[in-house]
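Listed below, chain by chain, are the residues.
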Amino acid sequence: MTTTDQPHVRDDDSDPTLYRTPADAVAAPPEKFAYVVGFAPTAQRADALFTVGTEPESPAYGRVTSHAELPGLGNELHHFGWNACSSALAHTGHHHAARRYLIIPGLRSSRLHVFDTGPDPARPRLVKVVEPEELATKAGYSRPHTLHCGPDGVFLSCLGGADGADGPGGVALLDHESFEVLRAWESDRGPQWLAYDLWWHLRQNIAVTSEWGTPSMYEDGLVPELLLGRQYGHSLHFWELDSGRHLQRVDLGDENQMVLELRPAHDPEATWGFAHTVVNVEDLSASVYLWNREGEDFVVHKVITIPAEPAQTEDLPPALQPFGAVPPLITDIDLSVDDQWLYVSAWGTGDLHQYDVSDPFHPRPTASVRLGGIVSRQPHPAEPDTPLTGGAQMVELSRDGRRVYLTNSLYGTWDAQFYPAGIDPWMVKLDADTSHGGLSVDSRFYPHGPDFLGLRVHQTRLQGGDASSDSYCYSR
């Protein structure tokens, strides 16, 4: 473990960004900053954490106001998260937690980078690096992907076994305050081997995990033989949260490849949530699923299907030319904090879809916006004559549900397969109608290209929390 400055957690319990209920989170002041990670696909430059202004009245609105480069090369920053979130209000022994540190994994390097936003939220500074050897030795994992603050520590989902081995992937536990790797979370993994995302129902002591693939299945790009052979992940796993004991596997059908993001209901009494698959190998469609507890078991229903779009062969990248169509490629979903609206990004076509999920069993489409896309390359309204590269990919939603942030890169080697002409980085903001549904692109908010120093941007986190950061302990 490399330490540049010893971090500490504040001594009081007054952090206003830890919210008792979803309603408290919705009513809190809006975010002032967005934090965005950028990576160099050639690994010849340092990756970086960017800060973007989000206050409409500020001259910094929609502008990159600072960036902090990482030491070393080849990290491929991807997903990241906070050391503490609203679930800390129910943690035994963590009454003084504060949402202060951003923990940023390098998906390719297996390093963890800890940034302190406390002294100056506009300029986070690196305070610690956890080396891959610690993750391998203490937890038996590599390729850290997604993290959430939860009971007993920070839960870190990892895609590889120790030292980059091809599994099993799983979950490492980190200390809330020192960020040291403690151990592997699982006590009995049952049939689980592949990993991707992790979330939970805190009140019910249930965890949920999803599946992508092991390092050899994704690091050099999508492997067509594995995809057509239906070898990528296609199951959800349900666990006992406190013990790490596997309870149930639900197979979504091996034609539905790559089960990625998990979005459980924010209502702590609920036992439902949404997951999605990237592509159906039979018709190139993509789908969203609802899980729900019935008795002691969980059942899963397909509730949304987005079809592929026919396209001219010459307009398609080589990987798609044999199919004559653009798959939607659902690569991210996000659920509003009030559990009323679901956002689905289709990276292949470039669409962001909005659904009314007030009845989660029957989502109702309410709006969509196209930005980029493999064939359409739909431009941003600020530069209507410039076709966008990449497509609507990572989506983050403000706590009040009124602002949607999008970035356009998936993963370096996969970018090259689906967007072989290259991806110029962009970040956009959309305004969402939370009364009746609707989306509109904010023409004032458009950091792109040189603003991000040419690095490709992936996930966004919002100052004060966002729709995919927190789990709540109380209903009212």
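In case you missed it, the structure is sitting above this.
No experiment lies behind these values; they were computed from the predicted model shown.

Enquirer: Just checking my understanding: could you explain the packing of aromatic side chains for this structure?
Expert: Two aromatic rings are characterised by how far apart their centres lie and by the angle between their planes. Counted by the stated rule, this structure contains 20 aromatic pairs. Judged by centre distance (5.0 Å) and plane angle (70°), the ring pair of Phe 155 and Trp 200 falls under edge-to-face. Residue Phe 155 is located in strand E10 (residues 153–161), and its partner Trp 200 is located in strand E13 (residues 198–201); the two are separated by 45 residues in the primary sequence. Given a relative accessible area of 1%, Phe 155 falls into the buried group. Ring centres 5.5 Å apart and planes at 75° place the aromatic pair Trp 272 and Phe 274 in the edge-to-face group. For the pair formed by Trp 272 and Phe 274, the shared burial category is buried. The rings of Tyr 196, Trp 212, Tyr 218, Tyr 232, Tyr 411 and Trp 414 are connected pair by pair, giving a single aromatic cluster. Between the NZ or CZ atom of Arg 20 and the centre of the ring of Tyr 474, over which it lies, the distance is 4.2 Å.

Enquirer: How should I be thinking about the environment of Gly 72 in this particular structure?
Expert: One can find Gly 72 in the loop between strand E4 (64–69) and strand E5 (81–82). Separated by 284 residues in the primary sequence, Gly 72 and Asp 356 have C-alpha atoms spaced 44 Å apart.

Enquirer: Can you walk me through the pattern of salt bridges in this structure?
Expert: Pairs may arise between side chains of opposite charge once their charged atoms sit close together. Across all of its chains, the model carries 27 salt bridges by this definition. Between Asp 470 and Arg 99 there is a salt bridge, and its shortest N-O distance comes to 2.8 Å. Placement of Asp 470 in the segment after strand E31 (456–462) and of Arg 99 in the loop between E5 and strand E6 (101–105) is noted, with a sequence separation of 371 residues between them. The exposure classification of Asp 470 matches that of Arg 99, with both residues buried. Via salt bridges that share partners, Glu 261, Arg 263, Asp 332 and Asp 334 belong to a single interconnected network.

Enquirer: What's the story with the sheet that holds E13 in this structure? I'm lost.
Expert: Strand-to-strand pairing in sheets goes through backbone hydrogen bonds, with the strands running parallel or antiparallel. Taking strand neighbours across the sheet as the criterion, the four strands line up as E13-E14-E15-E16 in an open arrangement whose pairing is antiparallel. Among the strands making up the open sheet, the edge pair consists of E13 and strand E16 (245–251). When the angles between neighbouring strand axes are averaged without regard to direction, this sheet yields 25°. Across six bridges, strand E15 (residues 235–240) lies against E16 in antiparallel orientation. Each residue of the ladder has a partner; that of Trp 239, found in E16, is His 246.

Enquirer: What should I look at first to understand unusual backbone geometry in this one?
Expert: Backbone geometry follows two general trends: most residues other than glycine have a negative phi, and most peptide bonds adopt the trans configuration. Following Gly 167, the chain continues into Pro 168 via a peptide bond in cis, with omega recorded as 0°. Looking at the element boundaries, Pro 168 is found in the loop between E10 and strand E11 (170–174). Look at Ser 110: it is not a glycine, yet its phi comes out positive at around 70°. On the secondary structure map, Ser 110 appears in the loop between E6 and strand E7 (112–116). Despite not being glycine, Met 258 shows a phi value in the positive range, around 75°. For Met 258, the position within the fold is in strand E17 (residues 256–264). According to the relative accessible area criterion, Met 258 is buried, its value standing at 2%.

Enquirer: In this structure, what is going on with the nonpolar core? I would like to understand it.
Expert: Proteins that are soluble and globular tend to have nonpolar side chains buried together. Within the largest apolar cluster, 31 residues are counted, with the highest numbers of intra-cluster contacts made by Trp 212, Tyr 232, Met 258, Trp 414 and Phe 418. Elements with a minimum of two residues in this core: helix H3 (215–218), E17, strand E18 (272–280), strand E22 (325–326) and helix H5 (412–418). Filtering out sequence-adjacent residues up to four positions away, Trp 212 remains in contact with Leu 159, Leu 194, Ala 195, Tyr 196, Tyr 218, Tyr 232, Gly 233, Met 258, Val 259, Leu 260 and Trp 414. Core analysis: the next-biggest nonpolar cluster, separate from the first, contains 23 residues, Tyr 19, Ala 28, Leu 406 and Ala 467 among them.

Enquirer: I tried to follow the side chain of Ser 235 on my own but got confused; where do I start?
Expert: In this structure, Ser 235 sits in strand E15. Classification of Ser 235 by relative accessible area gives buried; the value is 0%. Of note is the side chain of Ser 235, whose polar atom sits 3.0 Å from the side chain of Arg 249. The residues contacting Ser 235, other than those within four sequence positions of it, are Thr 209, Ser 210, Glu 211, Arg 249, Val 250, Asp 251, Leu 252 and Val 259.

Rules and cut-offs
Every residue gets a number counted from 1 within its own chain, in the order that chain's sequence is written. Per-residue local features of the predicted model are confined to residues with pLDDT of at least 70, and side-chain atom pairs are confined, for both listing and counting, to 80 or more; whole-chain, interface and lining totals are unaffected and use all residues. The basis for the side-chain values is all heavy atoms of the structure; hydrogens and waters are excluded. Each pair of aromatic rings taken from Phe, Tyr and Trp, with Trp reduced to its six-membered ring, is defined by centres within 6.5 Å and is described as stacked if the planes are under 30 degrees apart, edge-to-face if over 60, and tilted in the remaining cases. Per the convention used, a helix needs a DSSP run of H or I reaching at least four residues, while a strand needs a run of E reaching at least two, with both numbered from the N terminus. Burial classes follow relative accessibility: with a 1.4 Å probe on protein chains only, a residue under 20% of its type's maximum area counts as buried, one over 50% as exposed, and anything between as partly exposed. Note on geometry: a ring has a charge over it if NZ (lysine) or CZ (arginine) is within 6 Å of the ring centre and within 35 degrees of the ring normal. Basic side-chain nitrogens of Lys or Arg form a salt bridge, by our definition, when they fall within 4 Å of a carboxyl oxygen of Asp or Glu. Think of it this way: DSSP has to see at least two bridges between two strands before they count as a pair. Lines fitted to C-alpha atoms define the axes here, with helix axes fitted over just the stretch in contact, and angles between the N-to-C directions of these axes take values from 0 to 180 degrees. Among buried residues, those of type Ala, Val, Leu, Ile, Met, Phe, Trp, Tyr and Cys that are joined through side-chain atoms within 4.5 Å constitute a nonpolar core. Whether two residues are in contact is decided by their heavy atoms: any pair within 4.5 Å suffices. The term polar contact refers here to a pair of N or O atoms within 3.5 Å; inside protein, the definition further demands a hydrogen-donor-capable atom paired with an acceptor-capable atom, and it admits residues adjacent in sequence only when both atoms are side-chain atoms.

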